[in-house]
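Chain by chain, the residues:
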Amino acid sequence: MFSPAQPIYPVAGIREIEHQLIPSAKPPLMERAGRAAAEDAVRLIMDRPGPILFACGPGNNGGDGFVMARQLHQAGREVIVAFADDPAALPSDAGKAHADFLHAGGTIASDLPSAPSQGWALVVDALFGIGLKRKIDGRFADWIATLNAQPAPRMALDVPSGLDADTGRPLGPCFRATHTTTFIALKPGLLTNDGPDYCGEISVQRLDIDCPACLVPMGHAITPALFETCLVPRPRNTHKGRHGDVGILGGDAGMAGAALLAGRAALWLGAGRVYVGLLDPKAPAVDHAYPELMLRNAPALPRQLTVLALGPGLGQRAEAQAELVSAIAGDHALVLDADALNLLAADPALHGAVAARRSPTVLTPHPAEAARLLGCSSPEVQGDRLSAALALASRFRACTVLKGCGSLIATPDGHWYINGTGHPGMASAGMGDVLTGLVASLLAQGWAAEPALIAAVHLHGAAADMLAREGVGPIGLTAGELIGAARRLFNGWLAQARHTP
Ligand SMILES: NC(=O)C1=CN([C@@H]2O[C@H](COP(=O)(O)OP(=O)(O)OC[C@H]3O[C@@H](n4cnc5c(N)ncnc54)[C@H](O)[C@@H]3O)[C@@H](O)[C@H]2O)[C@@H](O)CC1
Ligand SMILES: [K+]
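Presented here is a report on the structure given in the accompanying data block. Residue positions are given per chain, counted from 1 along the sequence in the order it is written. Numbering of ligands from 1 and lettering of chains from A proceed in the order in which they are written. For a predicted model such as this one, the threshold for reporting local features is a pLDDT of at least 70, and the threshold for listing and counting side-chain atom pairs is 80 or more; totals across whole chains, interfaces and linings nevertheless cover every residue. Hydrogens are left out, water is left out, and the side-chain values use all remaining heavy atoms of the structure.

1. Side note on the sheet that holds strand S1 (residues 7–8)
- Any two strands with at least two DSSP bridges between them are considered paired. The helix count covers DSSP runs of H or I at least four residues long, the strand count covers runs of E at least two residues long, and both are numbered beginning at the N terminus. Ordered in space as S1-S9-S18-S17-S16-S15-S14-S13-S10-S11-S12, the 11 strands form an open sheet in which the pairing is mixed. Either end of the sheet is taken by a strand with one partner, and the two such strands are S1 and strand S12 (294–297).
- For strand S17 (residues 408–410) and strand S18 (residues 416–418), the ladder comprises three bridges, and the chain directions are antiparallel. Note that in S18 the partner of Ile409 across the bridge is Tyr417.
- In this description, contact between two residues means that some pair of their heavy atoms is separated by no more than 4.5 Å. To define axes, lines are fitted to C-alpha atoms, for helices over the stretch in contact only, and angles between the resulting N-to-C directions are given on a 0 to 180 degree scale. Packing of helix H16 (residues 449–469) onto the sheet brings it into contact with strand S15 (361–363), strand S16 (399–402), S17 and S18, and relative to S16 it is tilted by some 20°.

Encoded structure:
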């Protein structure tokens, strides 16, 4: 069985849940959070000897730290708590947690003590959570530097201090956790941008609450459960005409490989027929390594296609621009990638035509392409990846993936998803072309755009992860190698899926 897709709430959504639940929750949410974190800590450090160091901040995140420290102290662990603010200024629940810790016999230091000779068993960051308002500086910045330098497992409560929980952007100095225990639900910033580098392994402690209907749009972390209903075996009585005709259009001089990679990915994931239209007039007429691909000069590409993917190796010559105009006008499903996106960005007159298409459109920009389409800079896109993906999906009425660490998928209806598969070895040429081929293939086989894009993005990363486990990568993994792994994995998913007739 596939594990269920976990909900993700932006900070405003978590605040709404807290607002609804905190007044009546028994035991209080902070008590539950601290206890759950203490259980995670025990699992994490098992028999590792030595004291546990806590750095507690001036808000409720600090309160979680006091509860957790009290739990571990009462369980017989040596805990050292650093807290340098005025206890009277703590919010009420945190003030109570502070008092309870002292009452249980705990002691509090006003600065981080020097490391014990045998080292800390664990360091716990309870400085700031979702209440972070600005860059951390001064004493807290010094504390974070000291904590990050400890050769011990490092655990963050709720969010690594310094990380923006919505965007995954460190606002300045940031705790670098090896484990993050997050409360109530995942937040987008833990999963995208720099978030994964700062969070380490993440565990979600729901605190036994039922998330009430939340006013803020909610996303999901992708698992195959999201597209399981599309993983349907083929009838035995079938033929290639029922599994879609894919056209890949691109491959200008020197870039034929990009289009060929996309074509092979489409074929190996099950498309019925794959045509590759190449803009380079001197392009070969056959791919001898993969003769199943039907190569054409771009003008001779059949136009009666189920899906056209425009972009891999396309270049930006006038011919490419003309292909973009005609592709947008076609009534097939359309995937726009790479230079097709750059050409679209440069011609705002086409934007309305994309949004008005009746057949599904999928956009696959990386941050620089997204920035061109939105008329802003890449750092602005990276500064709020979720908003950028949602804006593109809405503006072009197209399912959109904003690629990069924690790829974000947004739909025109405002649904969004974050992908957790993949690794840094995928930062290499041709990976995007393969993704384009995978999504085109699923569209060709009748998948709706939303599950097709979710599945292709998840599969793309999961195939890379599988190869890395087998020793192929992370470093040195090539895009071509990914295609066979994606095929293997996808067939495994098909075999695993529960089929409701
Ligand atoms: N309210 C509750 O009962 C619960 C709260 N929870 C915890 O509480 C956290 C949120 O608590 P808060 O809203 O109090 O927020 P935080 O504890 O994250 O931080 C808020 C405090 O830090 C200050 N601050 C923010 N940025 C700063 C900076 N850069 N430098 C110096 N000071 C800064 C604020 O002025 C405020 O005093 C969650 O992340 C979670 O850990 C959980 O225990 C669940 C229950
Ligand atoms: K924290």
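This is not the end of the story, as more comes after the structure.
2. Digging into the pattern of salt bridges
- Criterion for a salt bridge: a side-chain nitrogen of Lys or Arg within 4 Å of a carboxyl oxygen of Asp or Glu. Considering all chains together, one arrives at 16 salt bridges under this definition.
- Between Arg35 and Glu31 there is a salt bridge whose closest N-O contact spans 3.4 Å. Of the two residues, Arg35 and Glu31 are both situated in helix H2 (residues 29–45); the distance of four residues between them amounts to about one turn of the helix.
- With its nearest N and O atoms 3.0 Å apart, the salt bridge here joins Glu319 to Arg317.
- A 1.4 Å probe rolled over the protein chains alone gives each residue an accessible area, and that area as a share of the maximum for its type sets the label: buried under 20%, exposed over 50%, partly exposed in between. Residue Glu319 is classed as partly exposed on the basis of its relative accessible area, which comes to 41%.
- Assessed through its relative accessible area of 34%, Arg317 is described here as partly exposed.
- Connected via shared salt-bridge partners are Glu31, Arg35, Arg70, Lys96 and Asp100.

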